[in-house]
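Structure assessment
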Amino acid sequence: MNAKFNKGAIMKTSELNINGMGCAGCVDTVHSALTELDGVNDAVVDLGEGRATVEYDENEVDIVQFEKAISEAGYEVVKE
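An account of the accompanying structure is given in this report. Note that the structure is a prediction, hence the values are computed from the model and not measured.

Quick look at the overall build of the chain
On a plain count of helices and strands, the chain comes out with two helices and four strands. Its C-alpha atoms give the chain a radius of gyration of 12 Å, near enough to 12 Å, the size a compact globule of 80 residues would have. Along the three orthogonal principal directions, the C-alpha set of the chain runs to about 35 × 25 × 20 Å. Counting only residues that meet the buried cut, the chain has 40% of its 80 residues in that class. Looking at the chain alone, contacts between residues at least 24 apart form 63% of all its contacts between residues at least 6 apart. Working note: accessible area of the chain is about 4,800 Å², and carbon and sulfur atoms make up 45% of it.

This is the structure:
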C-alpha cells in the first residue's frame, strides 16, 4: 500500500493488460512502477493473466500515467 494518496479520496479500480512479463521479477518491476506513482493505493500484478489491477485516486493519477510508468519499466500496455 502506498502512503502517497489522499486517505479521504474515493478510489477507482482499473485493469491494464500488459505484454512482456515473463517472470516474478517482471511482476515486481511492474508493481513497483505503479505503486511509486502518487495517488496509487495498491496494484496487483498477475503474471499468468498478463494483467495489473490498480486501485487509485483518479484526482491524483490516471491511466495515461500508468501506461507511461509501465512503458518506462520496459513493458507494453495492450489497449483493447
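Now that the structure has been shown, the text picks up again.
Section: the pattern of salt bridges
It is possible for side chains bearing opposite charge to pair when their charged atoms get close. Inspection of the entire model under this criterion finds five salt bridges. Note that Arg-51 and Glu-15 form a salt bridge whose closest N and O atoms lie 3.6 Å from each other. With Arg-51 in strand 3 (residues 51-57) and Glu-15 in strand 1 (residues 11-19), this residue pair connects regions lying 36 residues apart in the sequence. Glu-72 is the partner of Lys-68 in a salt bridge, and the nearest nitrogen-oxygen pair spans 3.9 Å. Separated by four residues within a single helix, Lys-68 and Glu-72 lie in helix 2 (residues 63-72), roughly one turn from each other.

Criteria and thresholds
- Residues numbered from 1 in each chain as written.
- Predicted model: local features only at pLDDT ≥ 70, side-chain atom pairs only at ≥ 80, totals over all residues.
- Heavy atoms only, no water.
- Helix = DSSP H or I, 4+ residues; strand = E, 2+ residues; numbered from the N terminus.
- Rg over C-alpha atoms; globule rule 2.2 N^0.38 Å.
- Buried < 20%, exposed > 50% of the residue type's maximum accessible area, 1.4 Å probe, protein only.
- Contact = heavy atoms within 4.5 Å.
- Areas by Shrake-Rupley, 256 points an atom, 1.4 Å probe, with all protein chains shown as cover.
- Salt bridge = Lys/Arg side-chain N within 4 Å of Asp/Glu carboxyl O.

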